[in-house]
Amino acid sequence: MAEATVRTVALDRTRVLQWLQTYGVYAGVALLLVVNIVITPHFLTAENFRTQAVQVAPVIIVALGMALVIGTEGVDLSVGAVMALAASVTALYLGYGLLPALLVVAVFSAGVGLANGALVAFVGVQPIVATLALMVGGRGLALVLLPQLEDLRNPALASLGSGDVLGVPYLILIAAVLALLVAFVVRRTTFGRQLLAIGDSRPAAQLAGLPVRRVLIVVYVVCALLAAVAGVLATARLQASDPTSLGNLMELSAITAVVVGGTPLTGGRVNIAGTVAGAVLIQLLTATLIKHDLPPSWTQIAQAIVIVCAVYAARGRGKR
Amino acid sequence: MTVTKTDARVTAAGGGEPAAAAEPAGPARSERLTALVQQHGALAVLVVVSLVASFSFDSFATGDNVGNMATSSAFLAIVALGMTFVIITGGIDLSVGSLFALGGVLAAWGSRHGTLVALLLPLVVCGAIGVVNGLLVARSRLAPFIVTLAAMLGARGLMLALTDEGANTYLIGKGSFLAELGQGSVLGIGNPVWITLALFVAGAVVLRRTRFGQHVYAVGGNEDAAALMGAPVARTKILVYTLSGVLAGLAGALNAAWLASGVTILGNGMELEAISAVVIGGTLLTGGLGYVSGSLVGVLLLKVIQNVINQIGSLDSSYQQVVSGAFLAVVVVAQTWLGRRRQLM
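What counts and how
- Residues numbered from 1 in each chain as written.
- Chains lettered and ligands numbered in written order.
- Predicted model: local features only at pLDDT ≥ 70, side-chain atom pairs only at ≥ 80, totals over all residues.
- Heavy atoms only, no water.
- Helix = DSSP H or I, 4+ residues; strand = E, 2+ residues; numbered from the N terminus.
- Rg over C-alpha atoms; globule rule 2.2 N^0.38 Å.
- Buried < 20%, exposed > 50% of the residue type's maximum accessible area, 1.4 Å probe, protein only.
- Contact = heavy atoms within 4.5 Å.
- Areas by Shrake-Rupley, 256 points an atom, 1.4 Å probe, with all protein chains shown as cover.
- Lys, Arg positive; Asp, Glu negative; His and termini not counted.
- Charge placed at Lys NZ, Arg CZ, Asp CG, Glu CD.
- Buried area = accessible area lost by both parts, 1.4 Å probe.
- Salt bridge = Lys/Arg side-chain N within 4 Å of Asp/Glu carboxyl O.
- Polar contact = N/O pair within 3.5 Å; in protein donor to acceptor, adjacent residues only side chain to side chain.
- Nonpolar A, V, L, I, M, F, W, Y, C, P; charged D, E, K, R; others polar.
- UniProt positions renumbered as here; feature names shortened; annotations may be inferred.
- Patch = residues over 30% accessible without salt bridge, like charges linked within 9 Å, V, L, I, M, F, W, Y side chains within 5 Å.
- Expected span 1.5 Å × (residues − 1).
- Arc of directions from axis to C-beta.
- Phe/Tyr/Trp six-rings, centres within 6.5 Å; stacked < 30°, edge-to-face > 60°.

Even after reading the chapter, I still don't get the overall build of chain A, so can you show me in this structure?
Helix and strand content of chain A: 13 helices and four strands. What you see for chain A is a C-alpha radius of gyration of 20 Å, in line with the 20 Å of a compact globule of 320 residues. Principal axes of the C-alpha set define a box for chain A whose edges measure 80 × 60 × 35 Å. Taking all 320 residues of chain A together, the buried fraction comes to 52%. Put simply, of all contacts in chain A between residues at least 6 apart along the chain, 77% involve residues at least 24 apart. Here chain A displays about 14,100 Å² of accessible surface, and carbon together with sulfur accounts for 68% of that area. Across chain A, the mean location of the 19 positive side-chain charges is 12 Å away from that of the 12 negative side-chain charges.

Would you explain the interface of chain A and chain B in this entry?
How big an interface is tends to be stated in terms of accessible area lost as the parts join. Facing the 40 residues of chain A at the interface are 40 residues of chain B. Roughly 3,400 Å² of surface becomes buried between chain A and chain B when both sides are summed, with 79% attributable to carbon and sulfur atoms. At the junction of chain A with chain B, the criterion picks out zero salt bridges. Run the count over chain A and chain B and you get one residue pair in polar contact (both at pLDDT 80 or more). Elements with a contribution of two residues or more to the side of chain A that touches chain B: helix H4 (98–123), helix H5 (127–145), helix H11 (250–260) and helix H13 (296–314) of chain A. Looking at which element gives the most residues to the side of chain A that touches chain B, the answer is H5(A), with 12 residues. Looking at the side of chain A that touches chain B residue by residue, the class counts come to 29 nonpolar, seven polar and four charged.

I tried to follow unusual backbone geometry on my own but got confused; where do I start?
Negative phi values dominate among residues other than glycine, just as trans dominates among peptide bonds. Residue and element names in this part refer to chain A. Despite not being glycine, Glu73 has its phi angle at roughly 65°, a positive value. Its relative accessible area of 24% is what places Glu73 among the partly exposed residues. Located in the positive-phi region is Gln239, a residue other than glycine, with phi close to 55°. Topologically, Gln239 is positioned in the loop between helix H10 (212–238) and strand S4 (240–241).

What should I look at first to understand the UniProt feature "transmembrane region" (unreviewed entry) in chain A in this one?
Residue and element names in this part refer to chain A. Under the present numbering, the feature "transmembrane region" (unreviewed entry) in UniProt falls on residues 23–43, 49–70, 77–96, 102–122, 129–147, 167–186, 215–234 and 296–314. Summarising residues 77–96: 75% helix, 0% strand, and an end-to-end C-alpha distance of 31 Å. For the annotated span residues 167–186, helix accounts for 85% and strand for 10% of the residues, and the straight-line distance between the end C-alpha atoms is 30 Å.

Any chance you could explain a nonpolar patch on the surface here in plain terms?
A surface patch of nonpolar side chains, about 510 Å² in accessible area, is lined by A:Val16, A:Trp19, A:Leu20, A:Tyr23 and A:Tyr26. Relative to the assigned elements, A:Trp19 resides in helix H1 (residues 2–39).

What exactly am I supposed to notice about the environment of B:Thr115 here?
All names here are of chain B. Mapped onto the secondary structure, Thr115 falls in helix H5 (residues 115–138). Sequence separation between Thr115 and Ala225 is 110 residues; the distance between their C-alpha atoms is 45 Å. For Thr115, the residues in contact, after removing those within four places along its chain, are Phe177 and Leu178.

Can you help me understand helix H7 (residues 170–188) of chain A in this one?
In an α-helix there are 3.6 residues to a turn, and that puts residues three or four apart on one side. All names here are of chain A. Relative to the 27 Å expected for 19 residues at 1.5 Å per residue, H7 spans 26 Å between its end C-alpha atoms, a close match to the ideal helical length. Taken as a whole, H7 has its buried residues at Leu171, Ala175, Leu178, Ala179, Val182 and Val186. On an axial view of H7, the arc spanned by its buried residues comes to 105°, and they lie on one face. What points out from H7, more than 90 degrees from its buried face, is the exposed set Val177, Leu180, Leu181, Arg187 and Arg188. Check the buried side of H7 and you find it contacts helix H2 (46–71), helix H6 (155–162), strand S3 (168–169), helix H8 (190–200), H10 and helix H12 (272–291).

Where do I start with the UniProt feature "transmembrane region" (unreviewed entry) in chain B in this structure?
Residue and element names in this part refer to chain B. In this numbering, the UniProt entry assigns the feature "transmembrane region" (unreviewed entry) to residues 41–61, 73–96, 116–138, 145–163, 183–207, 238–258, 278–302 and 322–339. The span residues 116–138 is 100% helix and 0% strand, and its two end C-alpha atoms sit 32 Å from each other. In the segment residues 322–339, helix accounts for 100% and strand for 0%; the C-alpha atoms at its two ends are 26 Å apart.

Is there a simple way to think about the packing of aromatic side chains in this case?
Each pair of aromatic rings is reported with the distance of its centres and the angle of its planes. All names here are of chain B. Counted according to the given criterion, the structure contains three aromatic pairs over all chains. With a centroid separation of 5.3 Å and an interplanar angle of 40°, the aromatic rings of Phe75 and Trp258 are classed as tilted. With a gap of 183 residues between them, Phe75 in helix H3 (residues 63–88) and Trp258 in helix H11 (residues 233–259) connect regions that are remote in the sequence. Exposure remark for Phe75: the relative accessible area of 3% places this residue in the buried category.

Quick question: what am I supposed to make of the environment of A:Arg193 here?
All names here are of chain A. As for its position among the elements, Arg193 is in helix H8. On the basis of relative accessible area, Arg193 is assigned to the exposed category, the value being 51%. Considered as a pair, Arg193 and Arg269 are 76 residues apart in the sequence and their alpha carbons are 9.9 Å apart. When residues no more than four places from it in sequence are discounted, the contact partners of Arg193 are Val186, Arg187 and Arg188.

What exactly am I supposed to notice about the pattern of salt bridges here?
All names here are of chain B. Under the counting rule described, the total for this entry stands at three salt bridges over all chains. For Arg141, the salt bridge is made with Glu223, and the minimal N-O distance between the two is 3.8 Å. Here Arg141, found in the loop between H5 and helix H6 (144–162), pairs with Glu223, found in helix H10 (residues 223–228); they are 82 residues apart in sequence, far enough to count as distant. The partner of Lys237 in a salt bridge is Glu223, and the shortest N-O contact between them spans 3.1 Å. Separated by 14 residues along the polypeptide, Lys237 in helix H11 and Glu223 in helix H10 bring together distant segments of the chain. When sorted by exposure, Lys237 lands in the same class as Glu223, which is buried.

Shown next as structure tokens:
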């Protein structure tokens with residue numbers, strides 16, 4: 001009897017953890033929404049939703065790239081530096097028009113991604129160290145190119161940052177389209193399957209004849225390009241380029257969104273819907289604390305607790 | 001774990017034991033050479049860079065400049081010492097920068113209640129956070145990267161809460177024993193430098209001559225094999241994260257004593273500097289192989305490069321970051337290549 005009871009309890013616990021791992025992030029978002037609607041004044045307004053969504057859009061875009069990298073059992077610490085680099089390059093070349101500036105941004109960030117990917121794929125350096133070098137060097141380069149905050153006056157850039165279609169800001173549309181695109185790539189394309197296979201077991205993928213190096217390099221390039229998009233959009237919204245603080249700690253926010261969203265750090269699985277929800281969860285959590293005049297230090301402590309809980313719930317899932 | 005990783009760890013563990021390299025055949029000599037470059041390459045670069053710098057800049061090899069470099073290296077070196085232990089077990093500790101700042105603030109805050117409180121409080125609090133890191137990594141088997149990332153956020157939050165969101169700076173009274181500990185000197189060399197040297201000697205002895213040190217290498221070399229041989233894997237991991245937390249707190253406290261205040265903006269990015277120093281010093285991030293002395297050389301090399309860039313007055317300080325990043329990339333590529341060479345032989 002006693003043994004049977006114990007077994008039932010143990011089974012329930014596993015089930016609860018599994019449920020939390022899959023749906024916990026959505027439950028968290030729903031819970032925060034309900035709590036805010038009840039206790040926060042002026043929460044249920046279109047204006048507030050718009051503000052929150054515009055703020056979370058760059059995080060979502062960076063987190064999409066991070067999710068792909070984490071799917072290959074890697075991590076990219078350089079995303080914040082790439083955002084700053086993209087902002088500096090935009091400011092430098094904006095004089096030639098928005099489109100040429102964006103092309104140069106794309107070349108720069110693809111170069112960063114290529115360097116990260118080559119270190120990981122060809123030299124065999126651990127992703128955390130490979131991207132660490134560019135995290136330090138990338139922000140330095142951003143500061144060398146543009147030493148201080150600079151106001152940008154460009155109508156095209158301004159409309160990118162604050163324009164909308166039928167009331168939906170461009171930022172949100174772009175984030176949504178990119179999320180759908182990345183989800184499609186992961187689920188429905190050969191490239192997506194190869195990416196997950198590499199994350200599951202790189203030696204096995206190599207033995208199976210998959211183009212491991214090529215896929216890894218593409219993944220890091222895509223991650224850098226997405227970070228650059230987020231950097232340009234953040235710059236467009238602020239109408240200023242701020243190489244010192246733009247994208248600071250963004251790598252942590254992105255990793256948190258991915259992990260809280262149920263993508264295991266051990267690779268082989270990617271959850272894009274969860275990643276988006278993870279970014280929204282953190283945004284809502286921060287907004288809730290700030291709207292009730294709780295100091296920023298509480299936000300950091302709360303974020304730390306959410307990360308540990310999410311990873312704890314994810315324990316044992318994924319591969320062993 | 002993947003197949004290649006396990007293989008790499010086994011080989012790395014073999015290389016870490018001095019006895020294993022004692023085969024007299026031809027390949028063994030080549031392997032010894034590779035090992036020598038891996039262990040002492042950073043030292044050679046440090047000597048060359050320092051020599052070139054002292055010939056190029058009159059102000060480089062002066063007593064004042066060297067003394068300043070040594071003292072400012074001391075705090076990072078203490079943090080890197082703890083990081084070395086963690087990385088040899090195959091882990092990583094991203095919380096040290098926050099713990100450094102927290103330790104400094106706690107020391108300055110506690111200095112009103114006497115030097116003993118000022119020194120013990122950072123060690124106890126930062127050590128406790130280290131214990132939590134270790135427990136989550138060792139017992140709950142969570143990824144060290146993410147656990148210490150959470151600790152980094154949490155500890156910085158705690159530090160901000162203590163200082164009214166960074167608006168309040170606690171001062172350490174002039175002339176107190178604590179201030180003397182940070183600012184005084186013996187034989188013309190600053191106290192923090194002596195303390196750092198003593199800690200490194202102790203760290204080297206612990207790592208090379210004690211059973212705990214053997215366990216650290218064994219856990220990083222191959223965890224499963226270490227467990228089968230009866231090494232207390234979980235206890236060893238908890239101890240290294242605790243050690244890392246305590247040392248980061250101590251470094252913060254000493255730094256606060258040196259500056260006579262608990263500065264809240266310090267420690268940002270320090271975890272990355274410490275990891276860079278450890279990697280430059282020849283410690284493998286895959287675990288199982290590493291040198292305490294190498295980490296000290298790595299810290300000195302980073303500080304000398306920063307100093308050289310400062311000496312070139314026309315160069316903007318943001319070039320420092322570009323050079324550090326490029327340098328780190330080159331070293332990592334070289335270390336990975338050397339590591340693979342040893343593995344093949």
